[in-house]
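The primary structure of each chain is shown beneath.
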Amino acid sequence: MTTHYLDNAATTKSCNAAVKAMLRCLSEHYGNPSSLHREGLEAQKELDYAKAIIASALNCDTREIIFTSCATESTNMALKSTAAAYGKRRKKIVTSAVEHASVKKTLAFLSENDGFEIVEIKPDETGKYKAINFLNACDDNTVMISMMMVNNETGHVLPVKEVFNMVKRKFPHIITHCDAVQAFMKYSVNAGSLCADFISISGHKVHAAKGIGVLYVKKGSKIRPLILGGKQEMGLRAGTESVPLIAGFGAAVEVLSADIDKRFEYVKSLNILLREKLEQLESVRILSPIDASPYIISIIIPKIRSEIMLHYLEAKGIYVSSGSACSKGAGSGVPEIFGATSEEADSIIRISFSCENTMDDINALVDAIASGQRDIMHR
Ligand code: PLP
């Protein structure tokens, strides 16, 4: 059966360059980068190369990059570390109401255990986020602001750059963290112009392997390690570096860097085609706005529960998601915040693209949704 993978916001297939780099580090450059002999040096070179590629993609210095095990670790490190370093007197943290669980749960932890007040900003009734609402929530008691750039469930783009620039101008003491996981290598994530102190990104969303993330730490920021031990990653993230995963991450970013805009336009054309075709289907509602990231499109298929449709599509070789992969189907509340009713939130399907998708995937998906609407409703 031909399969159609349309769940790239959950994870992506590793690209050939990443697989090649990983294999090279497993079979040839397998040394420990901390070893002082030649094998160690070869591994260190792999690590340095990947770091340079990723630093260049974020437009920062290589010393501002820390490899972690995933973006969840990166966000935990940024938020907990900032709370510990700067949160003795300032107790307010501003964030969006639609953050990924890795940010939401970490902030809930800081609230429960360390008495931080978490202020969640909601979008307006049209689902749009206004930068000024974040600024208005900040004051002298605010220690940090954490905002995602692209929402992982609907693709909504949040005005992070505008917010961070405004906040830094008025409250230079406020620390800024951006979860750029769904934006990296799709939108410009330029550490400097973003005015970010911390940025979290993940390898497996950009055609590298699972188990590798990066935390960008602006030079001069106070940062504490989550994991203690050896001197790896400037003593900020102990544990022998996963050189194969790191090299794969670097290789994937190197490939994507060559034509981000071309890929974006191609995926946008797929997104538009899908929207046109979905509009011809009875009662399907598109939750993601037209200015959302073209890589993610959430739709509501009324009266059919997400899991039922998901498994119907799966039986036809089409892989989508019923929401955030991390929530394993449990409602996150994000669709409702972006305007879905609670009934609609039970009928959401998230389709997410990569450049490997084609018109065939879209045709197969739309045909299967149409037949699903008939078959499931008449069961
Ligand atoms: N932030 C966002 C917006 C995500 O979509 C995800 C993964 O789905 C994460 C953070 C966590 O990334 P990781 O799987 O690398 O921990």
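In short, a report on the structure. (Residues numbered from 1 in each chain as written. Predicted model: local features only at pLDDT ≥ 70, side-chain atom pairs only at ≥ 80, totals over all residues. Heavy atoms only, no water.)

**With respect to the sheet that holds strand β6 (residues 175-179)**
Strands sit in the order β2-β8-β7-β6-β5-β3-β4 across an open sheet of 7 strands; the sheet is mixed. The open sheet is flanked by β2 (65-68) and β4 (117-121), the only strands paired with a single partner. Pairwise comparison of adjacent strand axes, ignoring direction, gives a mean angle of 20 degrees for this sheet. Where helix α4 (residues 101-114) meets the sheet, its contacts fall on β3 (92-96), β4, β5 (142-148) and β6, and the angle it forms with β3 comes to roughly 160 degrees. (Pairing = 2+ DSSP bridges. Helix = DSSP H or I, 4+ residues; strand = E, 2+ residues; numbered from the N terminus. Axes fitted to C-alpha atoms, helices over the stretch in contact; angles between N-to-C directions. Contact = heavy atoms within 4.5 Å.)

**Quick notes on the pattern of salt bridges**
Inspection of the entire model under this criterion finds 14 salt bridges. Across the salt bridge formed by Lys 128 and Asp 291, the nearest N and O atoms sit 2.8 Å from each other. On the criterion of sequence distance, the pair formed by Lys 128 in the loop between β4 and α5 (131-137) and Asp 291 in the loop between β9 (285-286) and β10 (296-300) is long-range, its members being 163 residues apart. Notably, a salt bridge pairs Arg 263 with Asp 259, separated by 2.7 Å at the nearest N-O pair. (Salt bridge = Lys/Arg side-chain N within 4 Å of Asp/Glu carboxyl O.)

**Let's talk about the site of the ligand**
Contacts to the ligand come from 13 residues, most closely from Thr 72, Asp 179, Gln 182, Ser 202 and Lys 205. At a separation of 2.6 Å, an oxygen atom of the ligand approaches a polar side-chain atom of Thr 72. Within the side chain of Lys 205, one N or O atom sits 2.6 Å away from an oxygen atom of the ligand. Taken together, the residues that form the shell around the ligand break down as 4 nonpolar, 7 polar and 2 charged. (Near = heavy atom within 4 Å. Polar contact = N/O pair within 3.5 Å; in protein donor to acceptor, adjacent residues only side chain to side chain. Nonpolar A, V, L, I, M, F, W, Y, C, P; charged D, E, K, R; others polar.)

**Points about the sheet that holds β10**
If you walk across this open sheet you meet the 3 strands as β9-β10-β12, and the pairing is antiparallel. Each edge of the open sheet is held by one strand with a lone partner, namely β9 and β12 (348-352). Across 2 bridges, the pairing between β9 and β10 is antiparallel. Bridging across to β10, Ile 286 finds its partner in Ile 299.

**With respect to the packing of helix α2 (residues 38-58) against helix α8 (residues 243-257)**
Direction vectors running N to C along α2 and α8 enclose 40 degrees, while the axes themselves pass 8 Å from each other. Every pair of crossing elements has a handedness; the one defined by α2 and α8 is left-handed. Between α2 and α8, the residues in contact are Ala 43, Glu 46, Leu 47, Tyr 49, Ala 50, Ile 53, Ile 54 and Ala 57 and Val 243, Ile 246, Ala 247, Phe 249, Gly 250, Val 253, Glu 254 and Ser 257, respectively. Tallied by class, the residues present in the contact of α2 with α8 amount to 12 nonpolar, 2 polar and 2 charged. (Left-handed = near helix turned anticlockwise from the far one by under 90°.)

**Points about empty space enclosed by the protein**
Applying the stated criterion across every chain yields a total of 1 cavity of 30 Å³ or more. Of the pockets and cavities examined, the largest cavity occupies roughly 160 Å³. Along the wall of the largest cavity there are 18 residues; nearest its centre are Lys 186, Lys 205, His 207, Tyr 295 and Phe 353. Lining the lining of the largest cavity are residues from two domains, each supplying at least three of them: domain 1 (4-13 + 259-377) and domain 2 (63-235). (1 Å grid on protein atoms, 1.4 Å probe; cavity = no way out; pocket = protein on both sides within 12 Å on 5 of 7 lines; lining within 4 Å. Points joined across faces, edges and corners; volume = space filled by probe spheres on them. Domains from an automatic or database assignment.)

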